[in-house]
Amino acid sequence: MEKTIDVIAVGELLMDFTTVGQSAQGNEVFEACPGGAPSNVLSILNKIGLKTGFIGKVGADQFGSLLRCVLDEIGVDTSNLATDPEVKTTLAFVHTGPGGERDFSFYRNPGADMMLSEEDIDPDYIRKARALHFGSLSMTHDTVRKATLKALETAKKDGMLISFDPNLRPPLWNSLDNAKKQIETGLSYCDVLKISDNEVEFLTGETDYDKGIAKLREQYDIPLIFLTLGPNGSRAYYKNLQVNAPGIAVDSIEATGAGDTFCGTALSRVLELGLDNLNEESLLETLQLANAAAAIVTTRKGAIRSMPEVSEVHALHAKSY
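Structural notes, computed from the coordinates. Owing to the predicted nature of the structure, the values given are computational and were not obtained by experimental measurement.

1. Concerning the environment of Lys 51
At step 1: Relative to the elements of secondary structure, Lys 51 occurs in the loop between helix H1 (37-48) and strand S4 (52-59).
At step 2: Residue Lys 51 is classed as exposed on the basis of its relative accessible area, which comes to 57%.
At step 3: Each C-alpha atom of the pair Lys 51 and Ile 8 lies 8.7 Å from the other, and the pair is 43 residues apart in sequence.
At step 4: Residues within four places of Lys 51 in sequence aside, it is in contact with Thr 4, Ile 5, Asp 6 and Val 7.

Right, here's the structure in full:
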């Protein structure tokens, strides 16, 4: 089948409510920011110039309509974004603490993204893409998990590149044991893994991240792993190479969407260069560009509408490295 889409993502599309201060009465004020990790990844890919599509489900409510319009506005194909007539769109409230640390409150019991089913997955649509991206939030419950696995099996059989970001959110799991089990399922499918330092520790018990990554590579034989270390930068593990790039100091206000921005930027480079054609130089530049893109997002509220222009990323990259 002809590949007319660069990346399709399957998973959650939701509304992030982020704190923006207090009202004159002293009440906390929230800004409604379109988000959802897979959708965030697509939004930076679109900024870079790739063609993208989204598979997910929203509610038949104002938030669902707004989210669909936002994806249409930025150029993501929404032909496979379904609407649930009964279950409301998932909401997340992001409380930001000192230093940009976040605490999440989810309204998702159930949420429309959980209702994505096997019947909503069109294999022919998936086969139009060069790559499939997913996260673990579409594996928290049985119905959406089966849909995700159907998408993954389709992509695997078609020889597509599969990208995975665990994006661990403990409040959304019935147990951390189940979270670990489902994330491990995701690891068994992916060719490119973007993982954070705390997720390495969660999965392997290792606080030495190199040792933790070595365990994951040995068990799952993942060709390329990107490790994000927050303000301390990032690392890439590929064949016999380990490449490190320091972080970029910026005036951060919150980290929402930073990991997704990193992931999408890095994934765009893998698609451009080819998974089999990477070397130390290209991996270092990939890490640096992804660090720059993620750093910019931390200076803004929200995610999808906060993605940087390519020119901004290259300017910060040139200034910082």
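2. Some points on the sheet that holds S4
At step 1: Pairing within the open sheet is mixed, and its 9 strands lie in the order S5-S4-S1-S8-S9-S10-S11-S12-S13. Strands with a single pairing partner mark the edges of an open sheet, and in this sheet they are strand S5 (77-84) and strand S13 (241-245). On average, each strand axis in the sheet is inclined to that of its neighbour by 15 degrees, with strand direction left out of account.
At step 2: Relative to S13, strand S12 (residues 234-238) runs antiparallel, the two being bridged by 5 bridges. Pairing of Tyr 237 across the sheet is with Gln 242, part of S13.
At step 3: Each of strand S1 (5-10), S4 and strand S8 (129-135) touches H1; the most contacted strand, S4, lies at about 145 degrees to it.
At step 4: In the packing of helix H6 (residues 197-204) onto the sheet, the strands contacted are strand S9 (161-165), strand S10 (192-196) and strand S11 (224-228), and the crossing angle to S10 comes to about 95 degrees.

3. Side note on the packing of H1 against helix H8 (residues 258-273)
For any two helices packed against each other, one specifies the crossing angle of their axes together with the interaxial distance.
At step 1: At a minimum axis separation of 8 Å, H1 and H8 run at an interaxial angle of 50 degrees. One way to sum up the angle between H1 and H8 is to call them oblique. Viewed along their axes, H1 and H8 form a crossing whose handedness is right-handed. Two secondary-structure elements touch here, H1 through Ala 37, Asn 40, Val 41, Ile 44, Leu 45 and Ile 48 and H8 through Asp 260, Thr 261, Cys 263, Gly 264, Thr 265, Leu 267 and Ser 268.
At step 2: Of the residues that constitute the contact of H1 with H8, the class distribution is 7 nonpolar, 5 polar and 1 charged.

4. A few points about the pattern of salt bridges
At step 1: According to the stated counting rule, one finds 15 salt bridges in the structure shown.
At step 2: Salt-bridge contacts for Lys 57 lead to Asp 120; the nearest nitrogen and oxygen are separated by 3.0 Å. Linking Lys 57 in strand S4 with Asp 120 in the loop between strand S7 (102-107) and helix H3 (123-126), this pair joins segments that are 63 residues apart in sequence.
At step 3: On the basis of relative accessibility, which here comes to 22%, the residue Asp 120 falls in the partly exposed class.
At step 4: One connected set of salt bridges, linked through shared partners, spans Asp 142, Arg 145 and Lys 146.

Cut-off values and rules
Residues numbered from 1 in each chain as written. Predicted model: local features only at pLDDT ≥ 70, side-chain atom pairs only at ≥ 80, totals over all residues. Heavy atoms only, no water. Helix = DSSP H or I, 4+ residues; strand = E, 2+ residues; numbered from the N terminus. Buried < 20%, exposed > 50% of the residue type's maximum accessible area, 1.4 Å probe, protein only. Contact = heavy atoms within 4.5 Å. Pairing = 2+ DSSP bridges. Axes fitted to C-alpha atoms, helices over the stretch in contact; angles between N-to-C directions. Parallel < 35°, antiparallel > 145°, perpendicular 65-115°, else oblique. Left-handed = near helix turned anticlockwise from the far one by under 90°. Nonpolar A, V, L, I, M, F, W, Y, C, P; charged D, E, K, R; others polar. Salt bridge = Lys/Arg side-chain N within 4 Å of Asp/Glu carboxyl O.

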